[in-house]
Amino acid sequence: MPDQIAENADRIDAATGRSVCQAIGERLRTDTLPDESELPPRLQFLLDQIRTQDGNT
């Protein structure tokens, strides 16, 4: 029985996964407002790549 719990503990459903991703995104947007501070170069590069892939240049 404990093995079954351990196996299922690592799995979440798709809706929960999307909610987690959205919450992380909101937190990043809030914590990385451009007016407050400059992002580290690597993080800025990664955000630029995401914007390019999303078509929001």
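For the structure, check the block above.
Residues numbered from 1 in each chain as written. Predicted model: local features only at pLDDT ≥ 70, side-chain atom pairs only at ≥ 80, totals over all residues. Heavy atoms only, no water.

Caption draft 1: Quick look at the overall build of the protein. Helix and strand content of the protein: three helices and zero strands. Ordered by position from N to C terminus, the α and β elements of the protein give α-α-α. The proportion of buried residues among the 57 residues of the protein is 5%. Here the protein has roughly 5400 Å² of accessible surface; of this, 54% comes from carbon and sulfur atoms. (Helix = DSSP H or I, 4+ residues; strand = E, 2+ residues; numbered from the N terminus. Buried < 20%, exposed > 50% of the residue type's maximum accessible area, 1.4 Å probe, protein only. Areas by Shrake-Rupley, 256 points an atom, 1.4 Å probe, with all protein chains shown as cover.)

Caption draft 2: Highlighting helix α2 (residues 14-31). Over its 18 residues, α2 runs 26 Å from end to end, which matches the ideal 26 Å to within 8%, given 1.5 Å per residue. Sitting at the amino-terminal end of α2 is aspartate 13, which places a side-chain oxygen 3.1 Å from the backbone nitrogen of alanine 15. (Expected span 1.5 Å × (residues − 1). Polar contact = N/O pair within 3.5 Å; in protein donor to acceptor, adjacent residues only side chain to side chain.)

Caption draft 3: Spotlight on helix α3 (residues 41-54). For α3, built from 14 residues, the straight-helix expectation of 20 Å at 1.5 Å per residue is met to within 8% by its first-to-last C-alpha distance of 20 Å. Positioned one or two residues after α3, glycine 55 has a phi angle of 80 degrees, which is positive.

Caption draft 4: Local environment of the pattern of salt bridges. According to the stated counting rule, one finds two salt bridges in the structure shown. A salt bridge links arginine 27 to aspartate 31; the nearest nitrogen and oxygen atoms lie 2.8 Å apart. Highlighted residues: arginine 27 and aspartate 31, both in helix α2, separated by four residues, approximately one helical turn. Put simply, arginine 51 and aspartate 48 hold a salt bridge, and the shortest N to O gap is 3.3 Å. (Salt bridge = Lys/Arg side-chain N within 4 Å of Asp/Glu carboxyl O.)

Caption draft 5: Structural detail: the environment of aspartate 48. Structurally, aspartate 48 can be placed in helix α3. Assessed through its relative accessible area of 36%, aspartate 48 is described here as partly exposed.

Purely spatial values, then, with no claim about function.
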